[in-house]
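Fold and contact review
The residues making up each chain are set out below.
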Amino acid sequence: MKFKALIGTSILAMTVATPAFAQDAPAETERDAFGGEIVVTAQRQSERLQDVPIAVSAFSAEALEAQQIENSSDLQLTLPNITFTKTNFTSSSFTIRGIGDLCVGVTCDQATAIHLNGSPLFQTRLFETEFFDLERVEVLRGPQGTLFGRSATSGVVNVITAKPKTGVFEAAADAEYGNYDAIKVKGMVNIPIGDTLAARVAGVYVKRDGYTKNLFDNSRIDGRDLYSVRGSLRWEPTDDTVVDLMGSYFREKDDRMRIQKQRCQRDPTGVLGCLNNRRDASAANGNATLASIFSSRELFAIQGLPTALALGSLYGTDFFHDAVVPEDSRTVSTAFTPEYFTSELTFEGRIQHNFGPISAQLSGSYQKVKVDSRNDYFLATGDRTLYAGALNTLAFFAANGIPTGLPAPAPAFVPGSSAYFAPIAAALIPNGPNGPLCTSDTDPTGLGSFGGNSICSAQSLQYDRSNQISDAWSGELIFTSDFDGMFNFLVGGIYARSNTTENSYYVNAFGLDYASGILGSFSTFAAGLPPSSLGQPFFRNNTSDFSLKSYGLFGETYFEFNDRLKLTLGLRYNNDKKFVQARSILLSSNGNLLVPYGQTGSIYDSPFGALFDADPFTPCTAASPVGAVGSAPGCEAFQERTVSFNKLTGRAVIDFKISEDNLLYASYSRGYKSGGINPPLQASTGVQESFRPEQVDAFEIGSKNTFGDGALQLNLTAFYYKYKDLQLSRIVSRTAVNDNINANIWGAEVEAIIRPDPNMLVNIGFSYLKSKVSGDSFFSDTRDFGGGRSDAVIIKDISNAANCAVASGTAGNAAGVNAFVAAVNGSLGLQAPTAFPADGGIASTGAYSICSVLAAAAVDANGNPTPTALAFDPNGIQIFAAGIPVNIKGNELPQAPNLKFSVGAQYKINFENDMSLVPRVDIAYTGESFGTIFNGNVNKIKGYAQVNAQIQLNGADDRWYVRGFVQNLFDSNSTTGLYVTDQSSGLFTNIFTLEPRRYGIGIGAKF
């Protein structure tokens, strides 16, 4: 196999114009950086790209620069069956052949394995930094679990950094300036230290103004300010030994937006917030949101509280009735300036030694990653004038107390009652009803505004925060043989540990603070307890500890029957163990926890937590108080869960060389991704505590060809996947939970490089993909809890702002079910169901109500229809707490466009003085896809195209260059991905788009 002869070789020096400076390659493999002689490690051994029987694409440093691939997200513009999009919680999804990060949560594994120099990365921010001083980037399509291990069901992205070179001094630098006042500076220096040791230092700095205009204060937001540095050492003490050490640090701190834009077909009823047919430039109906519901006249009336203290009515004008939502994806109106911080520290070490025909490689890595982002939750400003009456009433109560309504000489106000409202006014409206409104800060203690931790603004603020701190390390040992006979092997093992010590998602809103104070004060006043709020006054889904322990043992055998026919057989044993400690908290969702005003420490230090029931079935007691881990379910501060998974996987590949330049192969591989643990929820929903591992059986055939001594390189691939238990996320009770479905995927890919003469080059990529859910799979569509039924009523539950559905027991009895809801609502002082707009994509009617009250009216303790229900339907009334499920069999997977096409062309014009001019154009088209598994028009992502162009003047011997460039030439704002938010937020859609048009000039030199 002669693998040793290739180990350590670098990619080709490009003969066309390029600004980057790769290591020199052996003369016998020099062709070009787009062509067939690039060396890759797709099979954990160095091999020619065209000899590898895997669908793998590789980019040298030169090719990355030439095609303006500046970061991982740009890879989608040229690779077949690859898409990339940002996602909702400071993360992203790199999707290969329709499989991306459909699983959302701290215990989820990535579907695409990300490696740096062959070592796995956990929770990496690699997709956020800029490429610099690389040797190459390899993208392997299809399951690669046998050699690359866990999290490789869709494929692998392996980023290879440039290594130090002994015996030679080199340096390079380039700078770029463009619109948005964008500055990018990159540099590298390679320093030899004696004959066997060398050091290399490289870095990049990027700063630009914001892409987005904020109409609220006429500012620009969504800017970037980041840097990354890397230091490497290489020691070659003997011809058979190489030692590599590397350390890198990446940091970003700016006002980058995690959520770029929101879309909504506004629901005038407020029951849903957003309808189910279109994504308009409108704000969600604020009456559908948790903050509005908890502070509404209707809820206060049911609780027996003065409605004059309510911030609004569920049937009245909503907070976002006049919100400005521009059509332009890069224009918003927000009173909250986004904040973004992330950092990643990485260390790697590797020792390679040849023991004659056996090579050994020992490698290890360590990472520490932090990310923290805050964003306006609705990306809109509301109408605080609607709060005027309630805030004046609060100030009155704070100054005087609760009116008695009794004639003199009885006291006009309840003595001492002002103490129950003065702390609320002091915390939320410290300068009076017309002054700034104070909203809880994202406070880990849970005290928020009532603990003095707040953000005050003339506007009523609503914002979220997503943050995480984690670290990980891994060690891997691989032995490779290089015998002269027909048999060779590779065996290895890896052990990895990852630990997350903080992962939280917060949602803060003035209305939640207000409801926490008012509801808490009346509760304690009625119970004769000291004035307290209902803790905590904001939503927080918190994982305080997540640990992963994983190991794998793997091996492959290679049988080269002759110079043309080879058989590869591989096996891997995977073992994963996960532990999580988590909680989900909002307004005492872990028990009716009352927190005295002026409380210090945290909300769990309250002396009143044990006095109230955590849920109807399990009371918290002094012996089992709220906050004690291991106490009664519903009372404990944290939920602790452990799961373990193991699996044997493998692959078989047969490849046949028709000639030295023509390869045929067929393969089967089984991919595996471990399962995980769903987070705790604030309501009982029937969601499973854990979700199963996913498994894929992948069949692939391919052909790799080079014709005309490099004039044409043509690679063809066809594949079929059978997925079992594919992990899929949905939002339940304001939290991402995961389920499993089965799916089939098939498609084809074409990659070609055409070189009609030495100065002209054209690269082409094409792919077709078809995915569908196989077998019956029933899930409720968050956007339509009525499941498309006209004989159902979608309920907005005013006790928790979630939705449920009420349906007739007799098919088609719409009149009966509507009359039933109207009757129950009449007893609650709520209105009867109403129809949604005809163009809203909702067949059901909708109403505000309380799901538990409806359920009690419909079904008795034995599960039988009540007389009340039978009066409206002879077969009774059905209550669907989690919505009416629909069958998604046959639906397409999210982020799986049917078609992709890319073409790039460049021509090198040589001058007599050894200078050259190279113009280049790249065009990429991504076809239509869907943003969620429910498909439909509202979830459709339209196909889009992007065009990049540049022209570069190279100096003699390529010692310097000047380049003009433009990215996204036609300034497309096309959507790349979307996220549907929770029912208690109004079901708006967050969208993510291409970056806007960028243009500028760059210069560079090497020494």
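Sequence order sets the numbering: in each chain, residues are counted from 1 along the sequence as written. Residues qualify for local features only when their pLDDT is at least 70, as the model is predicted, and side-chain atom pairs are given and counted only at 80 or more; totals for whole chains, interfaces and linings, by contrast, use all residues. Processing note: side-chain calculations cover all non-hydrogen atoms of the structure and skip hydrogens and water entirely.

Focus: the overall build of the chain
Cut-off, in case you're wondering: Only DSSP runs of H or I covering at least 4 residues are called helices, and only runs of E covering at least 2 are called strands; the numbering of each starts at the N terminus. The reference for a compact globule is 2.2 Å times residues^0.38; the radius of gyration itself is calculated from the C-alpha atoms. Categorising residues by exposure relies on relative accessible area from a 1.4 Å probe, with only protein chains included: less than 20% of the type maximum marks a residue as buried, more than 50% marks it as exposed, and the intermediate range marks it as partly exposed. In this description, contact between two residues means that some pair of their heavy atoms is separated by no more than 4.5 Å.
A tally of regular secondary structure across the chain gives 10 helices and 53 strands. What you see for the chain is a C-alpha radius of gyration of 31 Å, in line with the 30 Å of a compact globule of 1007 residues. The principal-axis extents of the C-alpha atoms in the chain amount to approximately 105 × 55 × 55 Å. The buried share of the chain, reckoned over its 1007 residues, is 61%. Residue pairs at least 24 apart in sequence account for 69% of intrachain contacts in the chain once pairs closer than 6 positions are excluded.

Comments concerning the pairing of strand β26 (residues 539–560)
The criterion, for reference: Only strands joined by at least two bridges in the DSSP assignment are considered to pair.
Strand direction decides the pairing type here: strand β24 (residues 487–509) and β26, joined by 19 bridges, are antiparallel. Within the sheet, the bridge partner assigned to F487 lies in β26 and is F559. In terms of strand pairing, β26 meets strand β27 (residues 565–585) through 20 bridges, oriented antiparallel. If you follow S547 over to β27, its bridge partner there is F579. In this structure, the hairpin formed by β26 and β27 is closed by a connection of four residues.

Topic: the side chain of N968
Defined as follows: Here a polar contact is recorded for every N or O atom pair within 3.5 Å, except that within protein the pair must consist of a potential hydrogen donor and a potential acceptor, and residues adjacent in sequence are included only if both atoms are side-chain atoms.
When you line up the elements, N968 lands in the loop between β50 (960–967) and β51 (975–980). Of the polar contacts made by the side chain of N968, one reaches the backbone nitrogen of S972; its length is 2.9 Å. Those residues in contact with N968 that sit more than four places away from it in its chain are Q946, V947, N948, L994, E995, P996 and R997.

Remarks on helix α5 (residues 388–400)
Stated precisely, the cut-off is as follows: Residue count minus one, scaled by 1.5 Å, sets the expected span of a helix.
An ideal rise of 1.5 Å per residue puts 18 Å on 13 residues; α5 measures up with 18 Å between its terminal C-alpha atoms. Elements in contact with the buried residues of α5: α6 (422–428), β21 (437–440) and α7 (510–527).

Examining the state of the cysteines
Chemically, a disulfide is nothing more than a covalent bond linking the sulfur atoms of two cysteines. Note the threshold: In what follows, a disulfide is any cysteine sulfur pair within 2.5 Å.
On inspection of all chains with the given rule, the structure shows three disulfides. Between the sulfur atoms of C264 and its disulfide partner C274 the distance amounts to 2.0 Å. Between C264 and C274, the S-S torsion sits near -115 degrees, and that sign places the bridge as left-handed. Taken together, the positions of C264 in the loop between β17 (261–263) and α3 (290–294) and C274 in the loop between β17 and α3 put the pair 10 residues apart, joining distant regions of the chain. For the pair shown, C264 and C274 are each scored as buried. Residue C804 pairs covalently with C851 via a disulfide, S to S 2.1 Å.

Quick notes on the sheet that holds strand β52 (residues 989–993)
To keep it simple, the criterion reads: Between N-to-C directions, angles cover 0 to 180 degrees, with each direction set by a line fitted to C-alpha atoms, over the stretch in contact for helices.
Across the sheet, three strands lie side by side as β17-β52-β51; this open sheet has antiparallel pairing. Looking at which strands have only one partner, the edges of the open sheet turn out to be β17 and β51. Averaged over all neighbouring strand pairs, the angle between strand axes comes to 35 degrees, with direction disregarded. The pairing of β51 with β52 spans five bridges and is classified as antiparallel. Bridge pairing in β52 links Y979 to N990.

Considering the packing of aromatic side chains
Our working rule: Two aromatic rings from Phe, Tyr or Trp, using only the six-membered ring of Trp, form a pair when their centres are within 6.5 Å; if the ring planes differ by under 30 degrees the pair is stacked, by over 60 it is edge-to-face, and anything between is tilted.
On inspection of all chains with the given rule, the structure shows 30 aromatic pairs. Ring centres 5.3 Å apart and planes at 10 degrees place the aromatic pair F319 and Y387 in the stacked group. One end of the pair, F319, is in the loop between α4 (297–303) and β18 (331–332); the other, Y387, is in the loop between β20 (358–376) and α5, with 68 residues separating them in the sequence. The buried category is assigned to F319, whose relative accessible area is 7%. Residue classification places Y387 among the buried positions, given a relative accessible area of 8%. Their ring planes at 45 degrees and their centres at 5.1 Å tell us that Y668 and F699 sit as a pair that is tilted. One end of the pair, Y668, is in strand β30 (residues 662–673); the other, F699, is in strand β33 (residues 694–707), and 31 residues separate them in sequence. Owing to a relative accessible area of 27%, Y668 belongs among the partly exposed residues under this scheme. Look at F699 and you get partly exposed, because its relative accessible area is 41%.

Observations regarding the confidence of the model for the chain
A low pLDDT score tells you not to read the predicted coordinates there in detail. Our working rule: As a per-residue measure, pLDDT reflects the predictor's confidence and takes values from 0 up to 100.
Chain-level pLDDT for the chain is 88 on average; 91% of the residues reach the 70-or-more range. Across residues 1–33, confidence stays below pLDDT 50; counting only partners more than four residues off in sequence or on other chains, it has 102 contacts. In this model, residues 612–618 is a region of pLDDT below 50 whose contacts with residues beyond four sequence positions or in other chains number 20 contacts.

As for a nonpolar patch on the surface
Rules: Put simply, a patch holds well-exposed residues, over 30% relative accessible area, that have no salt bridge, with like charges counted together within 9 Å and Val, Leu, Ile, Met, Phe, Trp or Tyr side chains within 5 Å. Exposure was quantified through the Shrake-Rupley algorithm and a 1.4 Å probe, taking into account, for residues, occlusion by the shown protein chains and nothing else. Basic side-chain nitrogens of Lys or Arg form a salt bridge, by our definition, when they fall within 4 Å of a carboxyl oxygen of Asp or Glu.
A cluster of nonpolar side chains, Y177, I183, V185, Y205, Y227, V229, W960, V962, I1001 and I1003, forms an exposed patch at the surface whose accessible area comes to about 830 Å². Following the sequence through the fold, I1003 ends up in strand β53 (residues 998–1006).

Here's the deal with the sheet that holds strand β38 (residues 792–797)
On the basis of which strands lie adjacent, the open sheet formed by five strands has the order β40-β41-β38-β39-β42 and mixed pairing. Each having just a single partner strand, β40 (834–835) and β42 (877–880) make up the two edges of the open sheet. Across five bridges, the pairing between β38 and strand β41 (residues 845–849) is parallel. By the bridge assignment for β41, K796 is matched with Y848.

Observations concerning the nonpolar core
For the record, the criterion: Remark: nonpolar core denotes a set of buried residues (Ala, Val, Leu, Ile, Met, Phe, Trp, Tyr, Cys) joined through side-chain atoms within 4.5 Å.
Among the nonpolar cores identified, the biggest contains 90 residues, and L394, F421, Y514, I518, I795 and F820 are the most heavily contacted of them. The greatest single-element share of this core, amounting to seven residues, is contributed by α7.

Quick look at the pairing of strand β9 (residues 155–161)
Taking burial as the measure, the seven residues of β9 include seven buried ones, the bulk of the element. Where burial is concerned, the two faces of β9 agree: the one with G155, V157, V159 and T161 and the one with V156, N158 and I160 are both buried. With five bridges connecting them, strand β6 (residues 112–116) and β9 associate as parallel partners. Its bridge partner lying in β9, A113 is registered against V156. One ladder, built from seven bridges, connects strand β8 (residues 134–141) with β9; its direction is antiparallel. Within the sheet, the bridge partner assigned to V139 lies in β9 and is V157.

Points about the pattern of salt bridges
Within the structure shown, the criterion is met by 41 salt bridges. The partner of E135 in a salt bridge is R136, and the shortest N-O contact between them spans 2.5 Å. Each of the two residues, E135 as well as R136, counts as buried. As a salt-bridge pair, D922 and R920 come within 2.8 Å of each other at their nearest N and O atoms. Pair check on accessibility: D922 and R920 agree, each one buried. Three or more residues joined by partner-sharing salt bridges are found here, namely E70, E130, E176, K184, R963 and R998.

Concerning the environment of K796
Take K796: it is sitting in strand β38. The spacing of K796 and C851 is 55 residues in sequence and 8.2 Å in space, taken between C-alpha atoms. Setting aside residues up to four positions removed in sequence, K796 forms contacts with G270, V271, A288, I293, A801, A802, N803, A847, Y848, S849, Q983 and S984. Only 2.7 Å separates the side chain of K796 from the backbone oxygen of Q983, close enough to count as a polar contact.

Overview of the environment of E995
In this structure, E995 sits in the loop between β52 and β53. Each C-alpha atom, one on E995 and one on S974, is 9.0 Å from the other, the two residues being 21 residues apart in sequence. Setting aside chain neighbours within four positions, we find E995 in contact with Y211, R330, N968 and S972.

Side note on the packing of helix α8 (residues 814–828) against helix α9 (residues 851–858)
For clarity, the threshold we go by: Roughly parallel means an angle under 35 degrees; roughly antiparallel, over 145; roughly perpendicular, 65 to 115; everything else is oblique. Left-handed describes a crossing whose near helix is turned anticlockwise from the far helix by less than a right angle; the clockwise case is right-handed.
At a minimum axis separation of 10 Å, α8 and α9 run at an interaxial angle of 120 degrees. Considering the angle they form, α8 stands oblique to α9. When the axes of α8 and α9 are compared, the crossing they make is right-handed. Here F820, V821, V824 and L828 of α8 lie close against α9, whose contacting residues are V853, L854, A857 and A858.

Remarks on α7
Over its 18 residues, α7 extends 26 Å from the first C-alpha to the last, a length consistent with the 26 Å expected when each residue adds 1.5 Å. Among the 18 residues in α7, 14 count as buried, and that is most of the element. Among the residues trailing α7, G528 stands out with phi positive, at a value near 70 degrees.

As for unusual backbone geometry
Here the amide bond leading from A408 into P409 is cis, since omega sits at 15 degrees, within 30 degrees of zero. Secondary-structure assignment places P409 in the loop between α5 and α6. In this structure, the amide linkage connecting G535 to the following residue, Q536, adopts the cis form with an omega of -5 degrees. Even without a glycine there, the phi angle at N81 is positive, about 55 degrees. Tracing the chain through its elements places N81 in the loop between α1 (61–66) and β4 (82–86). Judged by its relative accessible area of 4%, N81 falls in the buried class.

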